[in-house]
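Each chain, letter by letter, is given below.
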Amino acid sequence: SVPAKPKPRGKMTVADYNAKQKARLDSINAINFNHGISVAGALYQDKRYGSIDDGFKWSGGMGIYYSYRRYLLSVLGLQGRAGFIYRYGRFDATENDYHGKLKSGNKYDLTRDVHLTYDNFAFDIPLTFKVGGHIEATTFLYAAFTFGVTKPLCEFTYSKTTVDLKDPSKELEANLKVLGQEGDAVFPLTESKEINKAFFMDDWETNGWVGVGIDGKYLSAEAQVLVASGSSTYNNHRYHHLFRAAEPTMRFFVTFSMR
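Residues numbered from 1 in each chain as written. Predicted model: local features only at pLDDT ≥ 70, side-chain atom pairs only at ≥ 80, totals over all residues. Heavy atoms only, no water.

A separate point is a nonpolar patch on the surface. A surface patch of nonpolar side chains, about 660 Å² in accessible area, is lined by Leu-127, Phe-129, Phe-145, Phe-147, Val-210, Leu-242 and Phe-243. Every element with two or more residues in the nonpolar patch is listed here: β4 (107-136) and β5 (139-166). By the secondary structure assignment, Phe-145 is in strand β5. (Patch = residues over 30% accessible without salt bridge, like charges linked within 9 Å, V, L, I, M, F, W, Y side chains within 5 Å. Areas by Shrake-Rupley, 256 points an atom, 1.4 Å probe, with all protein chains shown as cover. Salt bridge = Lys/Arg side-chain N within 4 Å of Asp/Glu carboxyl O. Helix = DSSP H or I, 4+ residues; strand = E, 2+ residues; numbered from the N terminus.)

See below:
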């Protein structure tokens, strides 16, 4: 029998080449990208603004973050974000505990209606711990707990206060009508204010969230609900959490992984 010729050193067959390329491609496809950009949308439920602790109507927010994620074990993950957020809120409050008396002896009650909106800008640093499992090499389904620290930077507030009479007597109503015809009407009395302020370095907020999400190589999504909220040093905002409100504060992240 004739012995088989050895393969030339440094050369490979087509089958060997294809197998090597497939292994290389499989290895690349199995790698998760760690760095990315997260965008967030939020629905806030604010408890109070200054002395106004009722009358909250609506609030929303958005944010953009740098994101970094890492899987510690097959069932554990860690993701940190750092970025800027914008928060908007609106309050409409009515108070009826104002009383007075004219020189004529007529008594009256006043209502005080306050319409207030704020635009808040802050730096936000949430850290998320994930527990779940890989359903594919680069797809991770998980439940998560997030602890966050928020540093308010500046806030712009607009308020409009209207004071008017509540159920005036016929005599008082007639007198006010005459004053109005003469151009000396007092009520309703309206006052508008704009307050722009920057926050101090020791003014911080803390917050805790629970959520669920799914990570992909290029695109990830996560929904979170607030479960704990610590007020800032100057008690600027307190947001309702899961155990204190039927409609708690919530937010949604979409992360685009880049490398």
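Its place among the elements puts Asn-207 in strand β7 (residues 205-215). A polar contact of 3.2 Å, which involves the side chain of Asn-207, links it to the side chain of Thr-150. Other than its neighbours up to four places away in sequence, Asn-207 contacts Thr-146, Phe-147, Gly-148, Thr-150, Leu-226, Ala-228 and Ser-229. (Polar contact = N/O pair within 3.5 Å; in protein donor to acceptor, adjacent residues only side chain to side chain. Contact = heavy atoms within 4.5 Å.)

A few words on the confidence of the model for the protein chain. Counting all residues, the mean pLDDT for the protein chain is 82, and 74% of those residues have values of 70 or more. Of all the helices and strands in the protein chain, helix α1 (residues 14-29) carries the lowest mean pLDDT, 58, while strand β1 (residues 35-43) carries the highest, 97. (pLDDT = per-residue confidence, 0-100.)

Attention now moves to the side chain of Lys-151. Turning to its location among the elements, Lys-151 is positioned in strand β5. With residues near it in sequence (within four places) discarded, Lys-151 still touches Ala-122, Phe-123, Phe-199, Phe-200, Met-201, Asp-203 and Trp-204.

We now examine the packing of aromatic side chains. Each aromatic ring pair is specified by the distance between its two centres and by the angle formed by the two planes. For the coordinates displayed, the defined rule picks out 10 aromatic pairs. Look at Phe-84 and Phe-123: their rings are 5.3 Å apart centre to centre, the planes differ by 55°, and that puts the pair in the tilted class. Note that Phe-84 is positioned in strand β3 (residues 76-101) and Phe-123 in strand β4, a separation of 39 residues in sequence. Take Phe-123: its relative accessible area is 26%, and that puts it in the partly exposed class. (Phe/Tyr/Trp six-rings, centres within 6.5 Å; stacked < 30°, edge-to-face > 60°. Buried < 20%, exposed > 50% of the residue type's maximum accessible area, 1.4 Å probe, protein only.)

On to the pattern of salt bridges, then. As enumerated under the stated definition, the model contains 6 salt bridges in all. In this structure, the salt-bridge partner of Arg-90 is Asp-92, at a minimum N-O distance of 2.8 Å. Residue Arg-90 is classed as partly exposed on the basis of its relative accessible area, which comes to 34%. Several salt bridges share partner residues, and in doing so they unite Arg-69, Lys-130 and Asp-215 into one network.

Rolled over the atoms, a probe as big as a water molecule pinpoints where empty space is left. Tallying each qualifying case throughout the model produces 2 cavities of 30 Å³ or more. A volume near 130 Å³ is recorded for the largest cavity. What lines the largest cavity is a set of 16 residues, and nearest its centre among them are Tyr-44, Arg-87, Asn-207, Trp-209 and Tyr-239. Those elements giving two or more residues to the lining of the largest cavity turn out to be β3, β7 and β8 (219-230). For the lining of the largest cavity, the element with the highest residue contribution is β7, accounting for 4 residues. Quantified by volume, the second largest cavity comes out at close to 50 Å³. Lining of the second largest cavity is provided by Ala-40, Gly-41, Ala-42, Tyr-44, Gly-61, Met-62, Gly-63, Tyr-65, Ile-85 and Arg-251. (1 Å grid on protein atoms, 1.4 Å probe; cavity = no way out; pocket = protein on both sides within 12 Å on 5 of 7 lines; lining within 4 Å. Points joined across faces, edges and corners; volume = space filled by probe spheres on them.)

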